[in-house]
Protein chains: 2
Amino acid sequence: MNRRNTPTKEAILDLLSNSTKALSQDAIERQINIKINRATIYRVLNRFCDDDVVHKIVAEDGKQYFAVCKKCENPQEVIQHHFHFRCLLCDTIECLQVPVEYSFPNGYEVQNANCVLSGVCNDCS
Amino acid sequence: MNRRNTPTKEAILDLLSNSTKALSQDAIERQINIKINRATIYRVLNRFCDDDVVHKIVAEDGKQYFAVCKKCENPQEVIQHHFHFRCLLCDTIECLQVPVEYSFPNGYEVQNANCVLSGVCNDCS
DNA sequence: TATTTTATTGCGAATAAGTTGCAATAATAC
DNA sequence: GTATTATTGCAACTTATTCGCAATAAAATA
Ligand SMILES: [Mn+2]
Ligand SMILES: [Mn+2]
Ligand SMILES: [Zn+2]
Ligand SMILES: [Zn+2]
């Protein structure tokens, strides 16, 4: 399954790259300047996830949000397990450069993390 | 809105109290020994949440899970912000007595947390 | 450049989780 | 016992996401 470059793919990655927030499918469809089918957006996003280009966050609303999340110092490198923040006032979700730390009981093997804190964000406080 | 005691309400709370795992609506419907309507189960669960009797976890699958989560030492008291663990092998979600700790940038006011780590649980490893 | 291969897309339909309106039921207060 | 109204069941609805399939168009090949 070799990947192909398409206008759709580039437009979505462009939008995500220039956004400070994680975006849902409908936010992408609203903000993008070309017409892309709903199913296609999901398929492109899922491919990005498979290729580790973006990562997916599931919020308390049960919806999927997608972000190209990079380290501050080293923008190429993606932080592995970091917190996300959902502002209840401006209704946005952002990646935070705050690592998820925990001391787990033996016998548990942690592979993935989906951590969303919610409240009032920096902009709204 | 005074609350009333009903067989439905008691059966659901009973099931949750005796479960070591967080349960979804369909798991409750499957495991309970009386017939309860889907909408009713959700309404009872949401009332429990409003009354702080149970708490809701949203997992990476976007589904809602409910648990009566208590401290080990002091079973009455509910831990505020703790991690949850989703086992990818046995497909269960459990509350862990592991507090969610973070050092957040100023300006963020954290009110709630929805943190689910996933991997292989103690039973399956 | 022309042809072939197959990844990608759009469309519509399907699935699944959760909610809501409404009338019937039943717990509790009086 | 009667009245009040919280709770329930049912069906319909909403919303998010996925899927099958045929059409399109990148990229590889000749
Ligand atoms: Mn992130
Ligand atoms: Mn819990
Ligand atoms: Zn905000
Ligand atoms: Zn397990």
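Before reading further, recall that the structure is shown in the block above.
Residues numbered from 1 in each chain as written. Chains lettered and ligands numbered in written order. Predicted model: local features only at pLDDT ≥ 70, side-chain atom pairs only at ≥ 80, totals over all residues. Heavy atoms only, no water.

## Some remarks on the coordination of the zinc ion (ligand 3)
All names here are of chain A. Rules: Excluding water, the donors of a metal are its N, O and S neighbours within 2.8 Å, or within 3.2 Å for Na, K and Ca, and that exclusion means sites may look incomplete. Key to geometry: four donors with every angle between 85 and 135 degrees are tetrahedral; four donors are square planar and six octahedral where opposite donors lie over 155 degrees apart and all remaining angles lie between 65 and 115; all other sites are irregular. In DSSP terms, a helix is any run of H or I states spanning at least four residues, a strand is any run of E spanning at least two, and both are numbered starting from the N terminus. Relative accessibility decides the category of a residue: with a 1.4 Å probe and only protein chains considered, values under 20% of the type maximum give buried, values over 50% give exposed, and everything between is partly exposed.
Cys87 (SG), Cys90 (SG), Cys121 (SG) and Cys124 (SG) make up the full set of protein donors to the zinc ion (ligand 3), lying at 2.2 to 2.5 Å. Classification of the site at the zinc ion (ligand 3) rests on its four donor atoms, whose angles at the metal span 104 to 118°, yielding the label tetrahedral. In terms of primary sequence, the donors binding the zinc ion (ligand 3) are separated according to C-x2-C-x30-C-x2-C. Of the two residues, Cys90 is situated in the loop between strand E3 (82–87) and strand E4 (92–99) and Cys124 in the segment after strand E5 (109–120); the sequence distance between them amounts to 34 residues. Classification of Cys90 as partly exposed rests on a relative accessible area of 31%.

## Some thoughts on the interface of chain B and chain A
Inclusion rule: Residues are treated as being in contact if the distance between any of their heavy atoms lies within 4.5 Å. Put simply, buried area is how much 1.4 Å-probe accessible surface two parts lose in total, over both of them, once they are put together. Salt bridge, as applied in this entry: a Lys or Arg side-chain nitrogen positioned within 4 Å of an Asp or Glu carboxyl oxygen. Contacts described as polar in this section are N or O atom pairs within 3.5 Å, which, within protein, must combine one atom able to donate a hydrogen with one able to accept it, while residues neighboring in sequence count only if both atoms come from side chains. Side-chain classes are defined by residue name, with Ala, Val, Leu, Ile, Met, Phe, Trp, Tyr, Cys and Pro counting as nonpolar, Asp, Glu, Lys and Arg as charged, and the others, Gly among them, as polar.
On the side of chain A, 34 residues touch chain B, which itself brings 34 residues to the contact. Buried area between chain B and chain A, summed over both chains or domains, comes out near 2,700 Å², and the portion from carbon and sulfur atoms is 62%. At the junction of chain B with chain A, the criterion picks out zero salt bridges. In this structure, the connection of chain B to chain A is made through twelve residue pairs in polar contact (both at pLDDT 80 or more). When residues of the side of chain B that touches chain A are traced back to their parent elements, those giving at least two are strand E3 (82–87), strand E4 (92–99) and strand E5 (109–120) of chain B. When residues in the side of chain B that touches chain A are grouped by element, the largest group, twelve residues, is from E5 of chain B. Here the residues of the side of chain B that touches chain A sort into 19 nonpolar, eleven polar and four charged.

## Here's the deal with the protein's contact with DNA strand C
What counts, and what does not: If a single non-hydrogen atom of a residue is within 4 Å of a molecule or strand, that residue counts as near it.
By nearness alone, 24 residues border DNA strand C, and Thr6, Thr40 and Arg43 of chain A together with Tyr42 and Gln64 of chain B come closest of all. Protein-proximal atoms of DNA strand C, defined as those within 4 Å of the protein, fall in sugar or phosphate at a share of 61%. In this structure, a sugar or linking oxygen belonging to DNA strand C sits 3.0 Å away from a main-chain N or O atom of Asn2 of chain A. Within the side chain of Arg43 of chain A, a nitrogen or oxygen atom sits 2.9 Å from a base nitrogen of DNA strand C. Looking at the surface near DNA strand C, the elements with two or more residues in it are helix H1 (7–17) and helix H3 (38–50) of chain A together with helix H3 (38–50) of chain B.

## Here's the deal with helix H1 (residues 7–17) of chain B
Residue and element names in this part refer to chain B. Cut-off, in case you're wondering: Note that the arc is computed from the directions linking the helix axis to the C-beta atoms.
Taken together, the buried positions of H1 are occupied by Lys9, Ala11, Ile12, Leu15 and Leu16. Projected down its long axis, H1 carries its buried residues within an arc of 165°, all on one side. Exposed residues lying more than 90 degrees from the buried face of H1 are Pro7 and Glu10.

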